[in-house]
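# Notes for the structure review
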Amino acid sequence: MNKCFFVKSKFSILLLVLLFSFSSCVTNKDFEYFRTSMDVSKVKLNTNKYLLQVGDLISVQISTVTNQQHDFFNKEQASNSNLMVQNPYLYGYLIKEGGFLDLPSLGKIKAEGFTLRELENIIKQIAVSYFEQPIVKLNIINFEISVLGAVNNPGNYTVVNPEANVLYALSLAGDMTDYGDRKKVKIIRNDEEVNRVFYVDLTNLKTLNNPNFMLQPHDIIYVAPLNKRFYAFTNLPNLISMSISAITLYLLINKN
């Protein structure tokens with residue numbers, strides 16, 4: 001009788017452990033971004049484009065069909081490419097207070113509040129006085145972000161595309177770990193000398209059209225760990241099958 005009681009007690013403990021596992025495990029659903037039904041979902045296109053601001057460091061490249069005496073933009077960068085990578089501030093052009101770029105020969109050009117493509121067109125219109133058929137290419141060379149928390153490769157990263165979003169930042173950091181909370185990704189952003197903290201839900205489709213979903217220079221993205229951190233169980237059918245078998249065996253023992 002004592003042996004029977006001991007067996008029943010063991011299965012009672014096993015049952016409790018399984019029930020606890022259901023409440024504390026991480027399932028496939030917790031790993032999913034932008035949860036949708038089987039039907040095709042449509043989301044309004046996010047048209048928010050990055051607008052240049054004071055403090056952005058811009059590389060300027062002007063190509064032309066003929067050699068010109070003003071073709072210093074390309075000569076400088078070509079002859080000092082290694083130094084430019086090590087210290088871009090020596091060769092980039094900073095948008096200073098007041099929102100202007102100060103370019104050699106071309107003078108002061110209003111840059112703040114424009115997209116890169118818009119500024120390229122503005123500079124091109126000015127450059128035609130110095131270059132023959134100029135082609136202007138601009139890039140932000142101090143667009144850096146930090147990705148921290150429950151990601152596989154936390155660190156600082158340089159963003160090439162100024163219209164990148166939070167998912168791009170996570171891809172640079174090797175994606176979230178199994179314990180990253182996709183519903184509450186924290187972003188710390190410097191907004192006019194004030195640090196602003198907000199959250200984005202990467203399981204909600206509406207986030208795709210949220211302006212905060214787009215990256216800004218010097219963003220800090222922090223992925224908090226899930227509250228449920230007991231273990232990750234990615235094969236839920238096996239867990240259910242194992243639990244049913246244990247419960248069935250427990251009921252058979254109690255019946256006898």
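This is a predicted model, so every value here is computed, not measured.

Another point: the pattern of salt bridges. One pass over the full model with this rule turns up 4 salt bridges. Close ionic contact of K49 with E163 constitutes a salt bridge, the shortest N to O distance being 3.6 Å. Of this pair, K49 sits in the loop between β1 (25-26) and β2 (57-63) while E163 is found in the loop between β8 (155-158) and α5 (166-172), placing the two residues 114 residues apart along the sequence. E120 is the salt-bridge partner of R117, the closest N and O atoms lying 3.0 Å from each other. In this pair, R117 and E120 both sit in helix α4 (residues 116-127), 3 residues apart, roughly one turn of the helix. Looking at R117, the relative accessible area reads 43%, which means it is partly exposed.

According to the stated counting rule, one finds 1 aromatic pair in the structure shown. Across the ring face of Y199, the terminal group of K184 is positioned such that the distance to the ring centre comes to 5.0 Å.

Attention now moves to the layout of surface pockets. Of the pockets and cavities examined, the largest pocket occupies roughly 560 Å³. In terms of lining, the largest pocket is formed by 19 residues, of which the most central are Q53, V54, N190, D191 and E192. Sorting elements by how many residues they give to the lining of the largest pocket places strand β9 (residues 180-191) first, with 3 residues.

Before going further, it helps to spend a moment on unusual backbone geometry. One non-glycine residue, S105, adopts positive backbone phi at about 70°. For S105, the location among the structural elements is in the loop between β4 (100-103) and β5 (107-110). By relative accessible area, which is 38% here, S105 ends up partly exposed. Here Q133, not a glycine, exhibits a phi torsion of approximately 50°, which is positive. The residue Q133 is located in the loop between α4 and β6 (135-140) in this model. The exposure class assigned to Q133 is exposed, which follows from its relative accessible area of 55%.

Attention now moves to the nonpolar core. Counting 43 residues, the largest nonpolar core has I58, I123, I145 and L215 as the members making the most contacts within it. Examining the composition of this core, we find that 4 residues originate from one element, α4, more than from any other. Beyond its immediate stretch of four places on either side in the chain, L215 contacts F143, I145, V159, P162, A164, N165, V166, Y168, A169, R189 and I221.

To continue, consider the pairing of strand β10 (residues 194-200). Here β9 pairs with β10 via 7 bridges, running antiparallel. Counterpart to R189 in the pairing with β10 is R196. A loop of 2 residues connects β9 with β10, the two strands running antiparallel in sequence, and E192 in this loop sits at a positive phi of about 55°.

With that settled, the discussion passes to the sheet that holds β10. Overall, mixed pairing links the 5 strands, which are arranged β8-β7-β11-β9-β10 in an open sheet. The open sheet has two edge strands, β8 and β10, and neither has a second partner. Across the sheet, the axes of successive neighbouring strands diverge by a mean angle of 20°, strand direction being ignored. Inspection of the sheet shows strand β7 (residues 144-149) paired to β8 by 4 bridges, in the antiparallel sense.

Another point: the confidence of the model for the protein. Averaged over the protein, the pLDDT score is 78; the fraction of residues at 70 or greater is 62%. Every residue in residues 1-7 is under pLDDT 50, and counting partners more than four places away or in other chains gives 1 contact.

Across the sheet, 3 strands lie side by side as β3-β2-β6; this open sheet has antiparallel pairing. Because the sheet does not close on itself, it has two edges, and the strands there are β3 (93-94) and β6. Note that β2 and β3 share 2 bridges and pair antiparallel. Bridge pairing in β3 places I58 opposite Y93.

For the rest of this paragraph, the subject is empty space enclosed by the protein. As enumerated under the stated definition, the model contains 1 cavity of 30 Å³ or more in all. Its residues assigned to classes, the lining of the largest cavity comprises 3 nonpolar, 1 polar and 2 charged.

Here is what the cut-offs are and how they apply
- Residues numbered from 1 in each chain as written.
- Predicted model: local features only at pLDDT ≥ 70, side-chain atom pairs only at ≥ 80, totals over all residues.
- Heavy atoms only, no water.
- Salt bridge = Lys/Arg side-chain N within 4 Å of Asp/Glu carboxyl O.
- Helix = DSSP H or I, 4+ residues; strand = E, 2+ residues; numbered from the N terminus.
- Buried < 20%, exposed > 50% of the residue type's maximum accessible area, 1.4 Å probe, protein only.
- Phe/Tyr/Trp six-rings, centres within 6.5 Å; stacked < 30°, edge-to-face > 60°.
- Lys NZ or Arg CZ within 6 Å of the ring centre and 35° of its normal.
- 1 Å grid on protein atoms, 1.4 Å probe; cavity = no way out; pocket = protein on both sides within 12 Å on 5 of 7 lines; lining within 4 Å.
- Points joined across faces, edges and corners; volume = space filled by probe spheres on them.
- Core = buried A, V, L, I, M, F, W, Y, C linked by side-chain atoms within 4.5 Å.
- Contact = heavy atoms within 4.5 Å.
- Pairing = 2+ DSSP bridges.
- Axes fitted to C-alpha atoms, helices over the stretch in contact; angles between N-to-C directions.
- pLDDT = per-residue confidence, 0-100.
- Nonpolar A, V, L, I, M, F, W, Y, C, P; charged D, E, K, R; others polar.

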